[in-house]
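As a plain string of letters, each chain reads:
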Amino acid sequence: MIASLLAAMLLAQAVPGAPPPDDEIVVTGERPRNFRIVTKRDRRAGVTRCALKPPSRDPLFDAGICQAYLVCAPTARTAGDMEACMRPPIEREVNAWQERRKAETATR
């Protein structure tokens, strides 16, 4: 349930920004997808691995969301707690993703 809530938050935050101010038209639309955060814990090593399913095609975005999830999950007791903990990192990662996309399209 918490992963579904996070997927909905990711989709709500990942809205493309305004078009560039110049005369060039850039299409950056992507079909919204449902993301799941999948974690696995190695009991011997004590390491928890995390991945977004399906991956976003931006490893930095995936890593940032997973890092935030692994920080929030041990302390959140309710879906509201989890949302409050995850919202700032999600906003930060979405903004960073948008900046990387802008930089990528500017170099083309």
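Above this text sits the structure in question.
Criteria and thresholds
- Residues numbered from 1 in each chain as written.
- Predicted model: local features only at pLDDT ≥ 70, side-chain atom pairs only at ≥ 80, totals over all residues.
- Heavy atoms only, no water.
- Pairing = 2+ DSSP bridges.
- Helix = DSSP H or I, 4+ residues; strand = E, 2+ residues; numbered from the N terminus.
- Buried < 20%, exposed > 50% of the residue type's maximum accessible area, 1.4 Å probe, protein only.
- Contact = heavy atoms within 4.5 Å.
- Core = buried A, V, L, I, M, F, W, Y, C linked by side-chain atoms within 4.5 Å.
- Disulfide = S-S within 2.5 Å.

Asks: Help me understand the pairing of strand 1 (residues 36-42), please; the structure alone is not making it clear to me.
Replies: Regular strands place side chains that alternate from one sheet face to the opposite one. As paired strands, strand 1 and strand 2 (residues 47-53) are joined by seven bridges and run antiparallel to one another. Within strand 2, the position partnered with Val38 by the bridge is Ala51. Linking two consecutive strands that pair antiparallel, namely strand 1 and strand 2, is a turn of four residues; a positive phi of about 75° is found at Gly46 within it.

Asks: Hey, could you run me through the environment of Cys85 in this one?
Replies: By secondary structure assignment, the location of Cys85 is in helix 3 (residues 79-106). With a relative accessible area of 28%, Cys85 lands in the partly exposed category. For Cys85 and Cys72, which are 13 residues apart along the polypeptide, the C-alpha to C-alpha distance reads 5.9 Å.

Asks: How should I be thinking about the side chain of Glu93 in this particular structure?
Replies: Mapped onto the secondary structure, Glu93 falls in helix 3. The residues touching Glu93, leaving out its near neighbours within four places in the chain, are Leu60, Phe61, Gly64 and Ile65.

Asks: Hey, could you run me through the nonpolar core in this one?
Replies: Considering soluble globular proteins, one finds that nonpolar side chains tend to be buried as a cluster. Within the largest apolar cluster, 15 residues are counted, with the highest numbers of intra-cluster contacts made by Leu52, Phe61, Ile65, Met82 and Met86. At the level of elements, helix 2 (59-72) and helix 3 are the ones that each hand at least two residues to this core.

Asks: Looking at this structure, how should I read the state of the cysteines?
Replies: Two cysteines joined by a covalent bond between their sulfur atoms form a disulfide. Under the definition given, this model contains two disulfides. The disulfide bridge from Cys50 ends at Cys66, spanning 2.2 Å between sulfur atoms. Where Cys50 bonds to Cys66 through sulfur, the torsion about that S-S bond is close to -75°, and the disulfide is left-handed. Of this pair, Cys50 sits in strand 2 while Cys66 sits in helix 2, placing them 16 residues apart in sequence. The class of Cys50 is partly exposed, set by a relative accessible area of 22%. A relative accessible area of 6% places Cys66 in the buried class. Here Cys72 engages in a disulfide with Cys85; their sulfurs sit 1.9 Å apart. In this structure the cystine formed by Cys72 and Cys85 twists about its S-S bond by roughly -80°; its chirality is therefore left-handed. Placement of the pair is Cys72 in helix 2 and Cys85 in helix 3, with a sequence separation of 13 residues. Ordinal numbering of bonded cysteines along the protein defines a disulfide pattern of 1-2, 3-4.

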